[in-house]
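Inside the fold
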Amino acid sequence: MKQFNILNDILDFAIENEIEAYKFYTGLAAKANNPAMKPVFLDFAAEEQSHRKLLEDVKKGKKVKIGGGKIPDLKIADYTVAVKPTPNMSYQDALVLAMKKEKASFALYTDLAAATQDSAGKKLFQHLAQQEAKHKLRFELEYDEVILKED
(Lines give C-alpha, C1' and ligand atoms only; values in the text may rest on other atoms or scores of the structure.)
Protein backbone atom coordinates (compact mmCIF):
# COMPACT_ATOMS: atom_id res chain seq x y z
CA MET A 1 0.00 0.00 0.00
CA LYS A 2 1.16 3.53 -0.77
CA GLN A 3 2.68 5.31 2.22
CA PHE A 4 0.96 8.57 3.14
CA ASN A 5 2.67 11.31 5.11
CA ILE A 6 0.22 14.16 4.70
CA LEU A 7 -3.35 14.00 5.95
CA ASN A 8 -4.65 15.85 2.88
CA ASP A 9 -3.20 13.14 0.62
CA ILE A 10 -5.04 10.53 2.63
CA LEU A 11 -8.26 12.54 2.57
CA ASP A 12 -7.99 13.00 -1.21
CA PHE A 13 -7.45 9.27 -1.64
CA ALA A 14 -10.42 8.42 0.60
CA ILE A 15 -12.68 10.98 -1.12
CA GLU A 16 -11.83 9.48 -4.50
CA ASN A 17 -12.64 6.02 -3.13
CA GLU A 18 -16.06 7.25 -1.96
CA ILE A 19 -16.71 8.87 -5.36
CA GLU A 20 -15.91 5.58 -7.08
CA ALA A 21 -18.17 3.65 -4.70
CA TYR A 22 -20.98 6.14 -5.36
CA LYS A 23 -20.54 5.77 -9.13
CA PHE A 24 -20.46 1.99 -8.77
CA TYR A 25 -23.77 1.83 -6.91
CA THR A 26 -25.54 4.44 -9.05
CA GLY A 27 -24.31 2.61 -12.15
CA LEU A 28 -25.77 -0.63 -10.83
CA ALA A 29 -29.05 1.17 -10.12
CA ALA A 30 -29.17 2.51 -13.67
CA LYS A 31 -28.51 -0.95 -15.17
CA ALA A 32 -30.78 -2.93 -12.88
CA ASN A 33 -33.64 -4.59 -14.72
CA ASN A 34 -35.31 -5.62 -11.47
CA PRO A 35 -37.23 -2.52 -10.26
CA ALA A 36 -36.91 -3.66 -6.63
CA MET A 37 -33.11 -3.50 -6.87
CA LYS A 38 -32.87 0.13 -8.01
CA PRO A 39 -33.73 1.65 -4.60
CA VAL A 40 -31.38 -0.81 -2.89
CA PHE A 41 -28.45 0.35 -5.01
CA LEU A 42 -29.43 4.00 -4.61
CA ASP A 43 -29.48 3.53 -0.84
CA PHE A 44 -25.96 2.10 -1.00
CA ALA A 45 -24.91 5.12 -3.11
CA ALA A 46 -26.38 7.54 -0.56
CA GLU A 47 -24.32 5.91 2.19
CA GLU A 48 -21.14 6.47 0.16
CA GLN A 49 -22.18 10.07 -0.53
CA SER A 50 -22.45 10.74 3.21
CA HIS A 51 -18.92 9.40 3.73
CA ARG A 52 -17.63 11.67 0.98
CA LYS A 53 -19.27 14.69 2.61
CA LEU A 54 -17.73 13.84 5.98
CA LEU A 55 -14.27 13.58 4.41
CA GLU A 56 -14.71 16.82 2.48
CA ASP A 57 -15.87 18.60 5.65
CA VAL A 58 -12.77 17.41 7.49
CA LYS A 59 -10.57 18.56 4.61
CA LYS A 60 -12.22 22.02 4.78
CA GLY A 61 -11.40 22.19 8.49
CA LYS A 62 -14.98 21.85 9.68
CA LYS A 63 -15.69 20.20 13.00
CA VAL A 64 -17.31 16.81 12.51
CA LYS A 65 -19.00 14.56 15.00
CA ILE A 66 -17.22 11.24 15.29
CA GLY A 67 -18.43 8.60 17.66
CA GLY A 68 -19.66 5.09 18.09
CA GLY A 69 -18.13 1.91 19.32
CA LYS A 70 -16.90 -1.29 17.77
CA ILE A 71 -19.42 -2.92 15.44
CA PRO A 72 -19.91 -6.71 15.67
CA ASP A 73 -18.95 -8.81 12.66
CA LEU A 74 -21.22 -11.72 11.77
CA LYS A 75 -18.59 -12.85 9.21
CA ILE A 76 -21.28 -13.92 6.74
CA ALA A 77 -19.39 -12.10 3.99
CA ASP A 78 -16.38 -14.32 4.71
CA TYR A 79 -18.36 -17.38 3.64
CA THR A 80 -20.07 -16.12 0.52
CA VAL A 81 -18.79 -16.45 -3.02
CA ALA A 82 -17.90 -13.22 -4.78
CA VAL A 83 -20.41 -12.19 -7.44
CA LYS A 84 -20.12 -9.94 -10.44
CA PRO A 85 -22.70 -7.20 -10.85
CA THR A 86 -25.24 -7.83 -13.59
CA PRO A 87 -28.42 -6.04 -14.65
CA ASN A 88 -30.50 -9.06 -13.61
CA MET A 89 -28.77 -9.85 -10.33
CA SER A 90 -30.84 -11.34 -7.57
CA TYR A 91 -31.40 -9.71 -4.20
CA GLN A 92 -29.11 -12.36 -2.70
CA ASP A 93 -26.32 -11.47 -5.13
CA ALA A 94 -26.81 -7.75 -4.46
CA LEU A 95 -26.45 -8.35 -0.73
CA VAL A 96 -23.31 -10.44 -1.27
CA LEU A 97 -21.86 -7.74 -3.50
CA ALA A 98 -22.62 -5.05 -0.91
CA MET A 99 -21.16 -7.12 1.96
CA LYS A 100 -17.93 -7.72 0.03
CA LYS A 101 -17.66 -4.06 -0.97
CA GLU A 102 -18.22 -2.84 2.60
CA LYS A 103 -15.71 -5.38 3.90
CA ALA A 104 -13.11 -4.03 1.46
CA SER A 105 -13.92 -0.46 2.51
CA PHE A 106 -13.50 -1.42 6.17
CA ALA A 107 -10.06 -2.83 5.36
CA LEU A 108 -9.13 0.31 3.40
CA TYR A 109 -10.05 2.68 6.23
CA THR A 110 -8.30 0.47 8.77
CA ASP A 111 -5.15 0.63 6.61
CA LEU A 112 -5.49 4.41 6.16
CA ALA A 113 -5.78 4.85 9.93
CA ALA A 114 -2.56 2.89 10.30
CA ALA A 115 -0.85 4.89 7.53
CA THR A 116 -1.31 8.33 9.12
CA GLN A 117 0.59 9.73 12.06
CA ASP A 118 -1.98 12.51 12.57
CA SER A 119 -4.09 11.60 15.61
CA ALA A 120 -7.22 13.38 14.31
CA GLY A 121 -6.82 11.63 10.95
CA LYS A 122 -6.33 8.29 12.64
CA LYS A 123 -9.52 8.82 14.66
CA LEU A 124 -11.43 9.86 11.53
CA PHE A 125 -10.39 6.76 9.57
CA GLN A 126 -11.10 4.48 12.51
CA HIS A 127 -14.57 6.06 12.65
CA LEU A 128 -15.10 5.51 8.91
CA ALA A 129 -13.91 1.91 9.25
CA GLN A 130 -16.58 1.39 11.90
CA GLN A 131 -19.18 3.02 9.64
CA GLU A 132 -18.28 0.55 6.90
CA ALA A 133 -18.49 -2.28 9.44
CA LYS A 134 -21.95 -1.02 10.42
CA HIS A 135 -23.07 -1.04 6.78
CA LYS A 136 -21.67 -4.55 6.32
CA LEU A 137 -23.49 -5.68 9.47
CA ARG A 138 -26.74 -4.25 8.11
CA PHE A 139 -26.31 -6.26 4.90
CA GLU A 140 -25.28 -9.38 6.84
CA LEU A 141 -28.35 -9.14 9.06
CA GLU A 142 -30.55 -8.73 5.99
CA TYR A 143 -28.84 -11.72 4.36
CA ASP A 144 -29.34 -13.78 7.52
CA GLU A 145 -32.98 -12.73 7.86
CA VAL A 146 -34.02 -13.07 4.21
CA ILE A 147 -31.67 -15.50 2.48
CA LEU A 148 -30.48 -17.89 5.16
CA LYS A 149 -33.95 -18.25 6.69
CA GLU A 150 -35.30 -19.27 3.26
CA ASP A 151 -32.79 -22.13 3.02
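For the structure, check the block above.
**A word on the packing of aromatic side chains**
- If you walk through the whole model with that rule in mind, you get 5 aromatic pairs.
- When the centroid spacing of 4.4 Å and the interplanar angle of 70° are considered together, the rings of F44 and F139 count as edge-to-face. With a gap of 95 residues between them, F44 in helix α2 (residues 37–59) and F139 in helix α4 (residues 119–150) connect regions that are remote in the sequence. Judged on exposure class, the residue F44 and its partner F139 are both buried.
- By way of ring pairs, the aromatic residues F24, Y25, F41, F44 and F139 are connected into one cluster.
- The aromatic ring of F24 is capped on one face by K101, whose charged end is 4.7 Å from the ring centroid.

**Here's the deal with the packing of helix α1 (residues 7–31) against α2**
- Running from N to C, α1 and α2 cross one another at 165°; their axes reach a closest spacing of 8 Å. By the angle class used here, α1 and α2 are roughly antiparallel. Of the two elements, α1 crosses α2, and the hand of that crossing is left-handed.
- Residue composition of the contact of α1 with α2, by class: 16 nonpolar, 4 polar and 7 charged.

**What about the pattern of salt bridges?**
- Under the definition given, this model contains 9 salt bridges.
- Close ionic contact of K53 with D57 constitutes a salt bridge, the shortest N to O distance being 2.9 Å. With K53 and D57 both in helix α2, this residue pair falls 4 residues apart, about one helical turn.
- D57 gets classed as buried once you look at its relative accessible area, which sits at 12%.
- Linking K136 and E140 is a salt bridge whose minimum nitrogen-to-oxygen distance equals 3.0 Å. With K136 and E140 both in helix α4, this residue pair falls 4 residues apart, about one helical turn. No difference in accessibility class separates K136 from E140, as the two residues are buried.
- Salt bridges sharing common partners tie together D43, E47 and R138.

**Remarks on the side chain of E132**
- Here E132 lies in helix α4.
- Within the buried set, E132 has no salt-bridge partner at all; the shortest N-O distance to an opposite charge, 9.0 Å, is to K101.
- Residues in contact with E132, not counting those within four places in the same chain, are E18, E48, H51, E102, S105, F106 and Y109.

**Observations concerning the side chain of H51**
- Tracing the chain through its elements places H51 in helix α2.
- Given a relative accessible area of 3%, H51 falls into the buried group.
- Other than its neighbours up to four places away in sequence, H51 contacts E18, L128, Q131, E132 and H135.

**A short note on the environment of M37**
- Turning to its location among the elements, M37 is positioned in helix α2.
- Note on M37: relative accessible area 2%, which makes it buried.
- Leave out the neighbours within four places in its chain, and M37 touches A32, M89, S90, Y91 and A94.

**A closer look at the environment of Y25**
- Its location among the elements puts Y25 in helix α1.
- With 11 residues separating them in the primary sequence, Y25 and A36 have C-alpha atoms 14 Å apart.
- If we ignore the near neighbours within four places in the chain, the residues touching Y25 are F41, F44, A45, E48, A98, K101 and E102.

Rules and cut-offs
- Residues numbered from 1 in each chain as written.
- Predicted model: local features only at pLDDT ≥ 70, side-chain atom pairs only at ≥ 80, totals over all residues.
- Heavy atoms only, no water.
- Phe/Tyr/Trp six-rings, centres within 6.5 Å; stacked < 30°, edge-to-face > 60°.
- Helix = DSSP H or I, 4+ residues; strand = E, 2+ residues; numbered from the N terminus.
- Buried < 20%, exposed > 50% of the residue type's maximum accessible area, 1.4 Å probe, protein only.
- Lys NZ or Arg CZ within 6 Å of the ring centre and 35° of its normal.
- Axes fitted to C-alpha atoms, helices over the stretch in contact; angles between N-to-C directions.
- Parallel < 35°, antiparallel > 145°, perpendicular 65-115°, else oblique.
- Left-handed = near helix turned anticlockwise from the far one by under 90°.
- Nonpolar A, V, L, I, M, F, W, Y, C, P; charged D, E, K, R; others polar.
- Salt bridge = Lys/Arg side-chain N within 4 Å of Asp/Glu carboxyl O.
- Lys, Arg positive; Asp, Glu negative; His and termini not counted.
- Contact = heavy atoms within 4.5 Å.

Remember, this is a structural readout, not a statement about activity or role.
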